[in-house]
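Secondary and tertiary structure notes
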Amino acid sequence: MSSRTTRRSTRAALALTALLGSAALATLPVTTASAAPGDGLAVQYRTSANGATADQSEPWLKVRNTGTTTVQLSQVKIRYYFKADSPTAAYRFACSWAVKGCSVVTGTFGTLANPTATADRYLEIGFTPAAGSLAPGADTGDMQLRFHQSNWQTLDQSDDYSFNGARTAYADWARVTARISGAHVWGTAPAGNEPTDPPTEPPTTPPPGGGATLFDDFSYTSHTDPALAAHGWSVRANPGGPGVPGATWDPSKVTFLTQSGNTVMNLETSSAGTGATTTHTEVLTRATKFKNGTYAARVKFSDAPKYGPDGDRVVQAFFTINDLKAPMADDYAEYDFEYLPNGGWGEPGNILYTTSWETYNPDPWQAVNQHSESRRSFAGWHDLVVTIDNSRITYYVDGAVFGVHDAAYLPERPMSINFNQWLIDLNGQTSTTPRAYDQQVDYVLHVKDQVLTPAQVAAKLAALRAAGTAFVDEVPAS
């Protein structure tokens, strides 16, 4: 597809930054969850870096259950709001120490849909299921958190909405917000940016009928199988970015394998340490006709090469996209699952990103997006689901909410559906010994204009396979 040939030549800031463009983002209607009776939280804040400038910001937090019911910490989200030090600044989160253990505390960055003079970004703190629960009256204890610019440039805290250099001892602080299962229960967000995330556990009501469906089980023989093209797929052969300059996109490296009686699509990316010896792979729909609704795929990520030395900065992706018609065009859209098994874009190790794009400017680089990430291995098979309605974008991994992104990043135009695997550069592994990486895809599903839960996706998939359906495309041309 042409959008991939004209994409920005670098993705270095793709999911590491959630940046503000030169034009204000339009706000769209949103719905707000309501707190259940008995729910209540208070957030206490202090800082151990109280200067107007600092190498890193240190928002230390405690979360206290002020309600009458026990709260599962995995349903709690805390937002600390700040002003980026430059439009291209990227930030990293760290936990220095926590009573409950840093391993159960997560931190992600996002962009505000309605920037103010004191806030255009936020740090969202969450908890894994291993964090347990808070009984009424209990608190998390000390969480010594910090974040810094990825280039370690000094940051200015004096204009940050949630910062207060005078708070050197814990006290309630309403400029940090808290939600339980998406319901706003504490604090005041910067004007126009009230949290609107839906419940972490969505209702499991039956899906409405009549949703036009695309489903493909990838039961093909090779990249030259006439049915592959007849079903609307294109296997990329044209040169260009993203990835290693001089690399080729090799259709022959897209193959179809039988595993336990099931056919899966395999994308192989290989290199011998030079652009000329590097091959990338991509499969995409020729039609750009997909917009709101549910997208799902079962994808196998790989941490190590199938042969040769490890260490390449490889990207394994499932995403939807349309073309950028002009720098900062507000009708651009892209929604990504991207796994980096060996790091890249400033990350030292494996990380999974989900990123929702509003727009970007390729030169000079400027981006407007929102992302979520998890820094751990995702090797193996995973069920990936993203839903888009008129108020939000919700990403799921293996049935659990991975990230919820705001209405400002909703698509204005239809998109294609894509899978690809490519190398960011050759700096991660400089050896000239040949090596190759595999990414596999079991199926892809899109249901137009219906928001399905992961359980409903699984039920629809089971029904399609039980009926012997290997491919169907009911989605009308846009």
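Residues numbered from 1 in each chain as written. Predicted model: local features only at pLDDT ≥ 70, side-chain atom pairs only at ≥ 80, totals over all residues. Heavy atoms only, no water.

Bringing the overall build of the protein into the picture now. Scanning the protein from N- to C-terminus turns up three helices and 31 strands. Expressed as a percentage of its 478 residues, the buried residues of the protein come to 56%. By element, 52% of the accessible surface of the protein is carried by carbon and sulfur atoms, the whole surface being about 17,400 Å². (Helix = DSSP H or I, 4+ residues; strand = E, 2+ residues; numbered from the N terminus. Buried < 20%, exposed > 50% of the residue type's maximum accessible area, 1.4 Å probe, protein only. Areas by Shrake-Rupley, 256 points an atom, 1.4 Å probe, with all protein chains shown as cover.)

Right, let's talk about the sheet that holds strand β6 (residues 91-98) for a bit. Pairing within the open sheet is antiparallel, and its five strands lie in the order β6-β10-β3-β1-β12. Edge positions in the sheet fall to β6 and β12 (171-172), since each of these pairs with one other strand and no more. Alignment of strand β1 (residues 41-47) against strand β3 (residues 59-65), held across seven bridges, turns out to be antiparallel. Paired with threonine 47 across the bridge in β3 is proline 59. (Pairing = 2+ DSSP bridges.)

Take the sheet that holds strand β14 (residues 183-186) next. Overall, antiparallel pairing links the five strands, which are arranged β7-β8-β5-β13-β14 in an open sheet. The two strands at the open ends of the sheet, each matched to only one other strand, are β7 (105-116) and β14. Averaged over all pairs of adjacent strands, the angle between their axes in this sheet comes to 30°, without regard to strand direction. Sheet topology places strand β5 (residues 76-82) next to strand β13 (residues 176-180); five bridges connect them, and they run antiparallel. Its bridge partner being in β13, arginine 79 is matched across the sheet by threonine 177. (Axes fitted to C-alpha atoms, helices over the stretch in contact; angles between N-to-C directions.)

Applying the stated criterion across every chain, the model contains one disulfide. Across the disulfide from cysteine 95 sits cysteine 102; the S-S distance is 2.1 Å. Negative torsions about the S-S bond denote left-handed disulfides, and the value of about -70° found for cysteine 95 with cysteine 102 makes this one left-handed. Of the residues examined, cysteine 95 reaches a relative accessible area of 17% and is grouped as buried. (Disulfide = S-S within 2.5 Å.)

What follows deals with the environment of tyrosine 353. As for its position among the elements, tyrosine 353 is in strand β24 (residues 351-362). Overall, tyrosine 353 belongs to the buried group, its relative accessible area being 1%. Placed 14 residues apart in sequence, tyrosine 353 and tyrosine 339 show a C-alpha to C-alpha distance of 6.3 Å.

Right, let's talk about the environment of tyrosine 220 for a bit. Mapped onto the elements, tyrosine 220 comes out in the loop between β15 (213-216) and α2 (226-230). Discounting chain neighbours no more than four positions away, the residues touching tyrosine 220 are Asp225, Ala227, Leu228, His231, Trp233, Phe256, Thr263 and Phe471. Here histidine 231 takes part through its side chain, which lies 2.7 Å from a polar atom of the side chain of tyrosine 220. (Contact = heavy atoms within 4.5 Å. Polar contact = N/O pair within 3.5 Å; in protein donor to acceptor, adjacent residues only side chain to side chain.)

A few words on the confidence of the model for the protein. Residues of the protein with pLDDT of at least 70 account for 89%, and the chain-wide mean is 87. Contacts for the low-pLDDT stretch residues 197-206, under 50 throughout, to residues beyond four places or in other chains number 24 contacts. (pLDDT = per-residue confidence, 0-100.)

Next up on the list: the pattern of salt bridges. Taken as a whole, this structure holds 20 salt bridges when the rule is applied. As a salt-bridge pair, aspartate 383 and arginine 298 come within 3.1 Å of each other at their nearest N and O atoms. Of this pair, aspartate 383 sits in strand β26 (residues 380-388) while arginine 298 is found in strand β21 (residues 293-301), placing the two residues 85 residues apart along the sequence. One network of salt bridges, with partners in common, ties together Lys253, Glu268, Lys306 and Asp438. (Salt bridge = Lys/Arg side-chain N within 4 Å of Asp/Glu carboxyl O.)

Membership of the largest hydrophobic core comes to 44 residues, with the highest contact counts inside it found for Phe218, Trp233, Met265, Tyr295, Phe318, Ile393 and Phe419. Among the elements that make up this core, the one with the highest residue count is β21 (four residues). Residues contacting phenylalanine 218, with those up to four places away along its chain left out, are Trp233, Phe256, Thr263, Met265, Phe419, Val441, Asp442, Tyr443 and Val444. Among the nonpolar cores identified, the runner-up in size contains 34 residues, and Leu73, Ile78, Phe82 and Ala84 belong to it. (Core = buried A, V, L, I, M, F, W, Y, C linked by side-chain atoms within 4.5 Å.)

As a rule of thumb, non-glycine residues mostly have phi less than zero, and peptide bonds are mostly trans rather than cis. Omega for the peptide link from glycine 241 to proline 242 comes to 5°, which places this bond in the cis form. Along the chain, proline 242 falls in the loop between β16 (233-235) and β17 (248-249). One non-glycine residue, aspartate 398, lies in the positive phi region at around 55°. Relative to the assigned elements, aspartate 398 resides in the loop between β27 (393-397) and β28 (400-405). A positive phi angle is found at aspartate 449, which is not glycine, with a value near 60°. Of note, aspartate 449 is situated in the loop between β30 (435-448) and α3 (454-466). For aspartate 449, a relative accessible area of 53% translates into the label exposed.

Another aspect to go through is the packing of aromatic side chains. Inspection of every chain in the model, using the stated rule, returns 27 aromatic pairs. Both rings, one in tyrosine 339 and one in phenylalanine 378, keep their centres 6.0 Å apart while their planes meet at 70°; by these two values the pair is edge-to-face. With a gap of 39 residues between them, tyrosine 339 in strand β23 (residues 334-340) and phenylalanine 378 in the loop between β25 (365-374) and β26 connect regions that are remote in the sequence. No difference in accessibility class separates tyrosine 339 from phenylalanine 378, as the two residues are buried. Among the aromatic side chains, those forming a connected cluster through ring pairs are Tyr45, Tyr80, Phe82, Tyr91, Phe109, Phe147 and Trp173. The lysine or arginine in question, arginine 175, covers the ring of tyrosine 161, its NZ or CZ lying 4.5 Å from the ring centre. The positively charged end of arginine 376 is found above the aromatic ring belonging to phenylalanine 378, 3.9 Å away from the centroid. (Phe/Tyr/Trp six-rings, centres within 6.5 Å; stacked < 30°, edge-to-face > 60°. Lys NZ or Arg CZ within 6 Å of the ring centre and 35° of its normal.)

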